[in-house]
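So you can see what is in the structure, the chains are spelled out below.
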Amino acid sequence: MVQVLWVEDDPELIQPFRLPMDAANYGLQLVSYPCWDDAKVALENEFDRWSAIILDAKCKYHRDSKDNAVKFLGEALKDISKICESKKRTIPWYVLTGGAETEVADSINDERLKWDADWTNSKNRTYYSKNTDTEDLFHRIKYHAHKSPRIQIQEFYRIVFEAIEECGIDDEAYNALEDLLVPIHFPDIIDDKDYNDKFEKAREILEYIFRSMSEHGLLPDWGKQINLQWSSCILAGKPALNKKGVTVIQSNKRILPEAMAKMVKTMVNVIPPFCHSDGGNEEGVSKKEYMQYVSSSTFLLRSFTLQLCDFILWYSNYLREHPNEELNALEWEVIDRNAIKSKREK
């Protein structure tokens, strides 16, 4: 069962036939502590046990304290944040109260918006009412417990996900990157074979990055089908050539650092053929053959995933310094407009 650290000093609610039994119907086990002193010890000593924390707003800070929502919540939320930061894992917390909003609202900080913003948006409240919201709370704790790995990943890679939003990269890239990062830190979630079937996710991320670059003038508008090869060449300051070796697009400036240019070129050459289980015959790149040599390890896709994070960070930094779309578009020139036009029509 999902383990929930519960700070509550009302003996009537703690009885097994009250909240704990209701929670059990949702697969939750509420473990109660009457004051924050005791709950803090449990949180520190058994940190990995807990998937959620429920705080009764009008509870005791010390064993001999009086109920005081402002004091209790202020100290408890400060300690939770500090402990989670030291353990490098976020535990969602929720305030459950029978009191009025005026007693608790000002003491509840915005950290909870990372996992509970939709509750506030829909109910216009930062807390849960003991009178009307306990079932909703249990349902949401169960949901967030399953979603928790993604919450952790969003924290671990916060600057990367912030960069995705800053650059206006499509939300699908955000989701695809989560899909690739979660198994790196939570390997039990997925088998190696299933993870190696996610090269398509890496290709999607590349395409959405290049599409965003087109919107900011760093690349041409490819239309429906992004040309990965030509995009990587333009960014590296090299001409984009057709199959006959004729220049289609002339690049006037290398904007990618040399190491980054080589990294992106490798991903562009390897990821597309690896999106197919048979490996295809594209430039002799075979996923099946490669996997045989490395005992079907997941290290290649993991490395590409982390390289994509660096690529996104570079892009956001470059865009801050070069925000002008028209000036960015001066760094390349279309030589064969018919070739570009045919690409847009596909």
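See the structure above.
Describing the sheet that holds strand 4 (residues 93-97)
- Strand order in the open sheet made by the 5 strands is 2-1-3-4-5, with parallel pairing throughout. Among the strands making up the open sheet, the edge pair consists of strand 2 (28-33) and strand 5 (128-129).
- With 6 bridges joining them, strand 1 (residues 2-7) and strand 2 adopt parallel strand pairing. The residue of strand 2 that forms the bridge with V2 is L28.
- Sitting on the sheet, helix 3 (residues 36-45) is in contact with strand 1, strand 2 and strand 3 (52-56), with an inclination near 155° to strand 1.
- In this fold helix 4 (residues 69-87) packs onto strand 1, strand 3 and strand 4, with an angle of close to 165° to the strand it touches most, strand 3.

Description of helix 13 (residues 258-274)
- For helix 13, spanning 17 residues, the distance from its first C-alpha to its last is 24 Å, which sits close to the expected 24 Å at 1.5 Å a residue.
- Restricting attention to buried positions, one finds in helix 13 the residues M260, A261, M263, V264, M267, V268, V270, I271, P272, P273 and F274.
- At its buried positions, helix 13 is contacted by helix 11 (199-215), helix 12 (228-235), helix 14 (287-293) and helix 15 (299-321).

A closer look at the pattern of salt bridges
- Per the counting criterion, the structure on display carries 19 salt bridges.
- The partner of D56 in a salt bridge is K130, with the nearest N and O atoms 3.1 Å apart. Of this pair, D56 sits in strand 3 while K130 sits in the loop between strand 5 and helix 7 (134-156), and the two are 74 residues apart along the sequence.
- You can call D56 buried: its relative accessible area is 4%.
- The salt bridge involving K71 is made with E75; its shortest N-O contact spans 3.6 Å. Of this pair, K71 and E75 both sit in helix 4, separated by 4 residues, roughly a single helical turn.
- When salt bridges that share partners are traced, they join R112, D116, D118 and R140 into one network.

Procedures and definitions
Residues numbered from 1 in each chain as written. Predicted model: local features only at pLDDT ≥ 70, side-chain atom pairs only at ≥ 80, totals over all residues. Heavy atoms only, no water. Pairing = 2+ DSSP bridges. Helix = DSSP H or I, 4+ residues; strand = E, 2+ residues; numbered from the N terminus. Contact = heavy atoms within 4.5 Å. Axes fitted to C-alpha atoms, helices over the stretch in contact; angles between N-to-C directions. Expected span 1.5 Å × (residues − 1). Buried < 20%, exposed > 50% of the residue type's maximum accessible area, 1.4 Å probe, protein only. Salt bridge = Lys/Arg side-chain N within 4 Å of Asp/Glu carboxyl O.

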